[in-house]
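Letter by letter, the chains look like this.
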Amino acid sequence: MSTPLLEARGLRKYFSLRRGLWARPMVLRAVDGVDLQVGKDMVLGVVGESGSGKSTLARLLLALLEPTEGDVLFMGHSVFTLKDELMRAFRQAVQAVFQDPFASLNPRKRVLELVGEPLRIHALVQSRGELLERVRELLQAVGLGPEALWRYPHEFSGGQRQRLCIARALAVEPRLIIADEPLSALDVSIQAQVLSLFAELRRQRGLSYVFISHDLRVVQYLSDTVAVMYLGRVLEQASREEFFRKPLHPYSQMLLASAPSLEPGRRRAVPKGDVPSPLEVPTGCPFHPRCPRRFSPCDQVLPKLQAPGGGGRLVACHLYNPY
Amino acid sequence: MLLELQGLSVSFRTSRGQVEVVSGLSFGIPRGSFFGLAGESGCGKSLTALAIMGLLPEGARASGRVLFEGTDLLSLPPAEMRCLRGKELAMVFQEPMTSLNPVLRVGYQVMEALLAHRPLSKAEAQQRAVELLRAVRLPSPELRLREYPHQLSGGMRQRVMLAMAIACGPKLLLADEPTTALDVTIEAQILELIDSLRRQRQMAVLLISHDLATLAEWADTIGVMYAGRLMELGPAGELFSRPLHPYTRGLLESLPRAGQPLRPIPGMVPPPWRLPEGCKFSDRCPFAQQACRRQEPELQALRPAHAARCIRAEELFL
């Protein structure tokens, strides 16, 4: 296989938390050993509940946080030691869209400045006329009219602001967009609009996404590959078809079963147990206290993410892999 | 009917004049039933709940009638409303962290809810609080009583809120997006809990949600709101599988499904002072005709117990 666009190798991020002045600091293992690859023209959907480490993973992949251990490679080079040219190339190739479109836009800047800023920073336009033209094109690409140019963020609704964030990410013609829950602040009908925009932009521009969401329906709609995270680890990774046809990990099965059913008259299953705190990760398999299928090794031995039977899909569970 | 809304309207005085955000809402909730109210932000669903509870913000004015066991809550003096609130009608909100007092122990807050409406000794109140926390299936309730809200997970906090809400055995529980801040696996637990409390205690539930799929699972009847109006009202299963209003249909088609193209509703909800003439959904409706823009349609029954506010519903979807 050729070098992937972006790759995480043994990625770990621990935070040290002090609860009270004299208390011993506690270690929060937000991301605890993640390996991932994002290829060209590929959408990797990352699902997980709160505390699963998916947002920390996004920040690590964007080189906004330094890992405790492991590395993120951009076309084979570590993103944490990139210098000048390569760093600029990385920042241009990999862009971000975050959850809260209200917090991601400077309220004192007009749309022209907001969307045009990356174009100026990366010196992609030579004149003001060119800048205007490019920003107009970008606004059109995300479904906003040219009248938006002179407005401030507060004049837009949540969905429109998220479109502005996407326009800004697109400005430098990136190859990969890392989107962290980009729909969850939006209304249902607006979510559908923004989701189709993501799908359409991908078709038109051959973009790759790392699409982080708690919503399985969204991930199913957009992703080629699905990775399920739980307490900082990837528990399962498979192609969308395989995953939704037959999820292997008991946690994936629980997630799928507890999503609201779209068939009338059917109720979802009610899973047991609470989402544990990442401060108190259980020993062995992190999921074992909630797992309906746990057996003897589960509370002792941490299962590795492996391919049972040597197939392409990966699962970290003793049910499938010898321990 | 336990609760019956008759032409409930809520309006605000603003710099643009009097703006109506809930307009002529009428529906009924029978004793012990599960009613789901659906709609997107700004459709007036939360204000409807607040109007029923007599908790509208400053500057809001409610008109019409809110009949609770035959008494009009809107014309009740504040002191009498205060006696009903918490005892006969109770409410839980979206974000349990902001609804709990962060500097008071969980036990104190649950006991406060109990003592507000009846005199109990401290020991009795404590014992009742433990029973309540057990009823909402909070693990080790005796220990939890002595903890502070920040020591609980989001799901546990919502259980505490539910314990406080059912403390005095209300006949109606209003739940405004109670699971929006929670994870999917916890969401299912809380909804199942609300439904089992409803059945055990013969308590009617008004569940407000933006998620039609969730409402269809739990509610008997669903009302869909748009721009302050009830656009469709019908039995949950039928409304979900055979909707009559283009807006309901649009909401359902906005849910991503495997192997099906997404068909989002175009445009966005207009602000309440810029609603279109005639049908309020006509500017976004793919089926709108001249007649739709001329006069606002009535909510009319098209199937047994199933009504829609659309002049074309019959020809389009029946």
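The structure we're discussing is the one just above.
Residues numbered from 1 in each chain as written. Chains lettered and ligands numbered in written order. Predicted model: local features only at pLDDT ≥ 70, side-chain atom pairs only at ≥ 80, totals over all residues. Heavy atoms only, no water.

A. Quick look at the overall build of chain B. Helix and strand counts for chain B stand at 13 helices and 12 strands. Relative to the 2.2 N^0.38 estimate, which gives 20 Å for 318 residues, the radius of gyration of chain B is 21 Å and therefore close to what a compact globule would have. Along the longest, intermediate and shortest principal axes, the C-alpha atoms of chain B span 70 × 50 × 40 Å. Out of the 318 residues belonging to chain B, those deemed buried represent 56%. Across chain B, the fraction of contacts at a sequence separation of at least 24, relative to all contacts at a separation of at least 6, is 63%. On chain B, roughly 13400 Å² of surface is accessible, and the fraction owed to carbon and sulfur atoms is 50%. Put simply, chain B has 36 plus and 32 minus side-chain charges, and the middle of one group is 2 Å from the middle of the other. (Helix = DSSP H or I, 4+ residues; strand = E, 2+ residues; numbered from the N terminus. Rg over C-alpha atoms; globule rule 2.2 N^0.38 Å. Buried < 20%, exposed > 50% of the residue type's maximum accessible area, 1.4 Å probe, protein only. Contact = heavy atoms within 4.5 Å. Areas by Shrake-Rupley, 256 points an atom, 1.4 Å probe, with all protein chains shown as cover. Lys, Arg positive; Asp, Glu negative; His and termini not counted. Charge placed at Lys NZ, Arg CZ, Asp CG, Glu CD.)

B. Up close: unusual backbone geometry. Non-glycine residue Met75(A) carries a positive phi angle of around 50 degrees. Relative to the helices and strands, Met75(A) is located in the loop between strand E4 (69-74) and strand E5 (77-78). Non-glycine residue Glu69(B) carries a positive phi angle of around 50 degrees.

C. Quick look at the interface of chain A and chain B. Listed per partner, the contact involves 35 residues of chain A and 37 residues of chain B. Interface area for chain A against chain B, summed over the two sides, is near 3100 Å², with a carbon-plus-sulfur share of 57%. The three residues of chain A that bury the most area against chain B are Val188(A), Arg267(A) and Arg268(A), which together make up 20% of that side's buried surface. At the boundary of chain A and chain B, one finds 4 salt bridges. Arg268(A) is paired through a salt bridge with Glu187(B); the nearest N and O atoms lie 3.1 Å apart. Linking chain A with chain B are 15 residue pairs in polar contact (both at pLDDT 80 or more). Partitioned by chemical class, the residues of the side of chain A that touches chain B number 15 nonpolar, 10 polar and 10 charged. (Buried area = accessible area lost by both parts, 1.4 Å probe. Salt bridge = Lys/Arg side-chain N within 4 Å of Asp/Glu carboxyl O. Polar contact = N/O pair within 3.5 Å; in protein donor to acceptor, adjacent residues only side chain to side chain. Nonpolar A, V, L, I, M, F, W, Y, C, P; charged D, E, K, R; others polar.)

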